[in-house]
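# Structure at a glance
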Amino acid sequence: MGTQGSQGTRGSQGSQGSNEQAGGTGRRALLGAAVLGAGGAVLGMSGTARAAGAGPGSGGVKSLPVPTIIGHRGASGYRPEHTLGAYQLALDLGADIVEAGDLVPTKDGHLVCRHEPEIGGTTDVANHPEFAGRKTTKVLDGVSTTGWFTEDFTLAELKTLRAIERIPANRPHNTLYNGRWEIPTFEEVLKWQDEQTRRRGKQVWIYPELKHPTYFRKLGLGLEERVAKLLRKYGRDKWKSPVIIQSFEPTSIQRLNKLVDNPLVVLLSGPATRPWDFVETGDPRTVADLVKPAGLREIASYAQGIGPTLDLIIPKDAAGRLTQPTTLVKDAHKVGLVLHPWTLRNENPFLPADFRKGTDVDAYGDVFGAYKAYFATGIDGVFTDQPDTGVLAREDFVNS
């Protein structure tokens, strides 16, 4: 999950097409079961969050606790993000779902898990003299970006690299693990999901994101078809499959809606931003338009949820302090959409100003207070870099 203001073209009502009949409605109803809300029926369940559906064995998204704790790029507060080590730890710490991973393609068409296609900040590529000549500048969704890009490497070449901590100033302890893990492919993640499900005796869920779909389609590296092919290969393309797919581009989600029956989620950045494919097609709408009732109704015609930035749930004032919640939770629930906002992190710089403690950039603030404020709005789950903190915060909320 990124902070991009990326992507999506004006969706047509026909985009759901035959897929709506083949499972789209059921999919929306399934994910929509969680809409009963974290702030209502969840209360009074001793020690555990309410399941979104009929309880154990009901299957699908209904089997997940609400509020759902989603390990953001794994347990990225403790390990370099988008590594099998981070994914594994997220499960060990109690995450209900692991965001494995942000999907970008290689030169030879494989899907790998990296936060962005530019990998200078998340791998040791700069230490590989054989790849010095690959450093270049590209325009990525309108932003000039210099570095090394996955689409310029074969999978075999990427496998010679190792992951490093992306934000060492905030997480110096994570640098201990620099170089330990390679870049995983999405196919390896699907196999890992199977292995972990067997080992743990419970279904493991993943929540991959398609990164910059318009950009990659122009390069002849369309993401949606590649994702759909792998999901079909591993039997994980159904409406009850334990794979939720997300993207900042609404058109990418519309395309996926025709290819697979998985639960689908549209990501939403700041209110003034425009999805990149809106920019490409001249659609003037911003995220502020998409979170209005009409925009939410349109999204609900092809997706089952939204992933808004936390600021769309509770805006901040000029000093960075929380103000009053918006009506987004109520408005989204009204049209059957669930909300999984992003991202809660323990460290001071990432918290609202009223929950910071001191000024150290790697010190923890009052993150439990922040969780309580966001859970009280009725959100259905949250992405977090520290899943164990999220699980404890949910327990506090459920029993309060």
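Refer to the structure above for everything that follows.
What this report covers is the structure whose coordinates are included nearby.

## Considering the sheet that holds strand S15 (residues 381-384)
The strands making up a sheet associate through hydrogen bonds between their backbones, and the pairing can be parallel or antiparallel. With parallel pairing, 4 strands are arranged side by side in an open sheet as S9-S4-S3-S15. Pairing within the sheet leaves two strands with one partner each, and these edge strands are strand S9 (205-206) and S15. As paired strands, strand S3 (residues 68-71) and S15 are joined by 4 bridges and run parallel to one another. Bridge pairing in S15 links Ile 69 to Val 382.

## Points about the nonpolar core
Nonpolar side chains in soluble globular proteins tend to be buried together. If you look at the biggest cluster of nonpolar residues, it comprises 82 residues, and the most contacted ones within it are Phe 186, Ile 245 and Ile 306. Setting aside residues no more than four positions away along its own chain, Ile 245 makes contact with Pro 208, Leu 210, Val 227, Leu 231, Ile 253, Leu 256, Val 260, Asn 262, Pro 263, Leu 264 and Val 265. In terms of nonpolar packing, the next biggest core, distinct from the first, is built from 12 residues, Trp 205, Tyr 207, Val 265 and Leu 267 among them.

## Thoughts on the sheet that holds strand S13 (residues 305-308)
Pairing is mixed across the open sheet formed by 7 strands, whose spatial order is S6-S5-S10-S11-S12-S13-S14. One side of each edge strand has no neighbouring strand; the edge strands of this open sheet are strand S6 (111-113) and strand S14 (338-339). Bridging between strand S10 (residues 209-210) and strand S11 (residues 245-247) involves 2 bridges; their strand directions are parallel. Bridged to Glu 209 within S11 is Gln 246.

## Here we look at the packing of helix H2 (residues 84-92) against helix H4 (residues 186-200)
Packing of H2 against H4 leaves a shortest axis separation of 12 Å and a crossing angle of 30°. One element, H2, and the other, H4, form an angle in the roughly parallel class. Pair H2 / H4 crosses with right-handed handedness. Of the residues in H4, those in contact with Leu 84, Tyr 87, Gln 88, Leu 91 and Asp 92 of H2 are Val 189, Trp 192, Gln 196, Arg 199 and Arg 200. Classifying every residue of the contact of H2 with H4 gives 5 nonpolar, 2 polar and 3 charged.

## Regarding the packing of aromatic side chains
Summed over all chains, the structure comprises 8 aromatic pairs. Ring centres of Tyr 87 and Trp 192 lie 5.9 Å apart, and the angle between their planes is 50°; on these two criteria the pair is classed as tilted. Remark: Trp 192 occurs in helix H4 and Tyr 87 occurs in helix H2; sequence separation between them is 105 residues. Using a relative accessible area of 5% as the deciding quantity, one classes Trp 192 as buried. Judged by centre distance (5.6 Å) and plane angle (45°), the rings of Tyr 371 and Phe 375 are tilted. Here Tyr 371 pairs with Phe 375, and both are found in helix H13 (residues 367-375), just 4 residues apart, close to one helical turn. Exposure class is identical for Tyr 371 and Phe 375. Each is buried. Every member of this aromatic cluster is reached through a ring pair, and the members are Tyr 371, Phe 375 and Phe 397. Its guanidinium or amino end placed over the ring of Phe 350, Arg 345 lies 5.0 Å from that ring's centre, counting from NZ or CZ.

## What about the environment of Arg 217?
Residue placement: Arg 217 occurs in helix H5 (residues 213-218). Ignoring anything within four residues of it in the chain, the contact list for Arg 217 reads Gly 222, Leu 223, Glu 224, Glu 225 and Arg 255.

## Quick look at the pairing of strand S5 (residues 102-105)
Residues Asp 102 and Val 104 of S5 are buried on one face, and the alternating residues Leu 103 and Pro 105, pointing to the opposite face, are buried as well. Note: S5 against S10, 2 bridges, orientation parallel. Its bridge partner being in S10, Asp 102 is matched across the sheet by Glu 209. The sheet contact formed by S5 and S6 spans 3 bridges and is antiparallel. Counted as the bridge partner of Pro 105 is Leu 111 from S6.

What counts as what
- Residues numbered from 1 in each chain as written.
- Predicted model: local features only at pLDDT ≥ 70, side-chain atom pairs only at ≥ 80, totals over all residues.
- Heavy atoms only, no water.
- Pairing = 2+ DSSP bridges.
- Helix = DSSP H or I, 4+ residues; strand = E, 2+ residues; numbered from the N terminus.
- Core = buried A, V, L, I, M, F, W, Y, C linked by side-chain atoms within 4.5 Å.
- Buried < 20%, exposed > 50% of the residue type's maximum accessible area, 1.4 Å probe, protein only.
- Contact = heavy atoms within 4.5 Å.
- Axes fitted to C-alpha atoms, helices over the stretch in contact; angles between N-to-C directions.
- Parallel < 35°, antiparallel > 145°, perpendicular 65-115°, else oblique.
- Left-handed = near helix turned anticlockwise from the far one by under 90°.
- Nonpolar A, V, L, I, M, F, W, Y, C, P; charged D, E, K, R; others polar.
- Phe/Tyr/Trp six-rings, centres within 6.5 Å; stacked < 30°, edge-to-face > 60°.
- Lys NZ or Arg CZ within 6 Å of the ring centre and 35° of its normal.

Nothing here speaks to function; it is geometry throughout.
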